[in-house]
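Residues per chain are reported as follows:
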Amino acid sequence: MHNMGRGRGDLYLLDVERARRDFPSLKRRMVELATQWNARNIIIEDKGSGTSLIQQLRTEHHGIPYPTAFLPRDDKITRLHAQSARIEAGHVWLPERAPWLEDLRAEIASFPHGRHDDQVDSISQFLSWHFDMRSRCVQFARIGGV
């Protein structure tokens, strides 16, 4: 799970949590993190246990935002390549220090041949969702202004 923030057009990775959890623990932790970070959006991959998590969070009131289902269109490598220009341009920031930073850096450095790729994939999915939603808002504003 990643918590991202925004500022002046840039995106900041605020927190990372990696853990294997059973479904009840996963749902409970998702609610805790959304509350802790005062989340405005919750994006969940609409596959596997994510589909069940989306459905349950949508039907139960937890005082958190309605979760957004995200179904990736391409493979993990293609998704990251689609976001690489934004990352290279300096629009995605990591903290200078964090307990999870070295593991994340190692995963990024070994992608796509590393043992793990879920953090890289989660970040690229968020970036895809964020920039896709931003472009939709701009198009909507143009139509509304006509």
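Described in the following lines is the structure provided in the data block. (Residues numbered from 1 in each chain as written. Predicted model: local features only at pLDDT ≥ 70, side-chain atom pairs only at ≥ 80, totals over all residues. Heavy atoms only, no water.)

## Some details on the overall build of the protein
Consideration 1: Helix and strand content of the protein: five helices and five strands.
Consideration 2: Walking the protein from its N terminus toward its C terminus, one meets helices and strands in the order β-β-α-β-α-β-α-β-α-α.
Consideration 3: In the protein, which comprises 146 residues, the proportion classed as buried is 31%.
Consideration 4: Restricting to contacts in the protein with at least 6 residues of sequence separation, those with at least 24 account for 59%. (Helix = DSSP H or I, 4+ residues; strand = E, 2+ residues; numbered from the N terminus. Buried < 20%, exposed > 50% of the residue type's maximum accessible area, 1.4 Å probe, protein only. Contact = heavy atoms within 4.5 Å.)

## A look at the layout of surface pockets
Consideration 1: When its volume is computed, the second largest pocket comes out at roughly 260 Å³.
Consideration 2: What lines the second largest pocket is a set of 15 residues, and nearest its centre among them are Phe70, Leu71, Arg73, Ser128 and Asp132.
Consideration 3: Counting only elements with at least two residues in the lining of the second largest pocket, the list comes to β4 (68-70), α3 (76-88) and α5 (118-145).
Consideration 4: Take the lining of the second largest pocket: its biggest share by element is five residues, from α5.
Consideration 5: For the lining of the second largest pocket, the class distribution of residues is seven nonpolar, three polar and five charged. (1 Å grid on protein atoms, 1.4 Å probe; cavity = no way out; pocket = protein on both sides within 12 Å on 5 of 7 lines; lining within 4 Å. Points joined across faces, edges and corners; volume = space filled by probe spheres on them. Nonpolar A, V, L, I, M, F, W, Y, C, P; charged D, E, K, R; others polar.)

## Quick word on the environment of Phe126
Consideration 1: Structurally, Phe126 is set in helix α5.
Consideration 2: Judged by relative accessible area, which is 16%, Phe126 ranks as buried.
Consideration 3: For the pair Phe126 and Ile43, spaced 83 residues apart in sequence, the C-alpha to C-alpha distance is 7.4 Å.

## A look at the environment of His62
Consideration 1: Relative to the elements of secondary structure, His62 occurs in the loop between α2 (49-59) and β4.
Consideration 2: Within the local environment of His62, its side chain forms a polar contact with the side chain of Glu60, the two groups lying 2.9 Å apart. (Polar contact = N/O pair within 3.5 Å; in protein donor to acceptor, adjacent residues only side chain to side chain.)

## As for helix α1 (residues 23-36)
Consideration 1: The end-to-end C-alpha distance of α1 is 20 Å, a good match for the 20 Å that 14 residues give at a rise of 1.5 Å each.
Consideration 2: By the burial criterion, the buried members of α1 are Leu26, Lys27, Met30, Val31, Leu33 and Ala34. All buried residues of α1 fall inside an arc of 165° around its axis, so they share one side.
Consideration 3: Directly beyond the C-terminal end of α1, a positive phi value near 50° is found at Asn38. (Expected span 1.5 Å × (residues − 1). Arc of directions from axis to C-beta.)

## Description of the side chain of Ser128
Consideration 1: Examined against the element boundaries, Ser128 turns out to sit in helix α5.
Consideration 2: Take Ser128: its relative accessible area is 18%, and that puts it in the buried class.

## Structural notes on the pattern of salt bridges
Consideration 1: Using the criterion set out here, one finds ten salt bridges in the structure.
Consideration 2: Here Arg29 ties to Glu17 by a salt bridge, and the two come within 2.8 Å at their closest N and O atoms. Pair noted here: Arg29 is in helix α1 and Glu17 is in the loop between β2 (10-16) and α1, with a separation of twelve residues, a long-range link.
Consideration 3: The shortest N-O distance in the salt bridge between Arg18 and Asp118 comes to 3.2 Å. Of this pair, Arg18 sits in the loop between β2 and α1 while Asp118 sits in helix α5, and the two are 100 residues apart along the sequence.
Consideration 4: By relative accessible area, Arg18 is classed as partly exposed at 38%. (Salt bridge = Lys/Arg side-chain N within 4 Å of Asp/Glu carboxyl O.)

## Some words on the packing of aromatic side chains
Consideration 1: Taken as a whole, this structure holds two aromatic pairs when the rule is applied.
Consideration 2: Their ring planes at 20° and their centres at 6.2 Å tell us that Tyr12 and Trp93 sit as a pair that is stacked. With Tyr12 in strand β2 and Trp93 in strand β5 (residues 92-93), this pair connects stretches of sequence that are 81 residues apart.
Consideration 3: Overall, Tyr12 belongs to the partly exposed group, its relative accessible area being 28%.
Consideration 4: Ring centres 6.0 Å apart and planes at 40° place the aromatic pair Phe126 and Trp129 in the tilted group. Placement of the pair is Phe126 and Trp129 together in helix α5, with a separation of three residues, close to one helical turn. (Phe/Tyr/Trp six-rings, centres within 6.5 Å; stacked < 30°, edge-to-face > 60°.)

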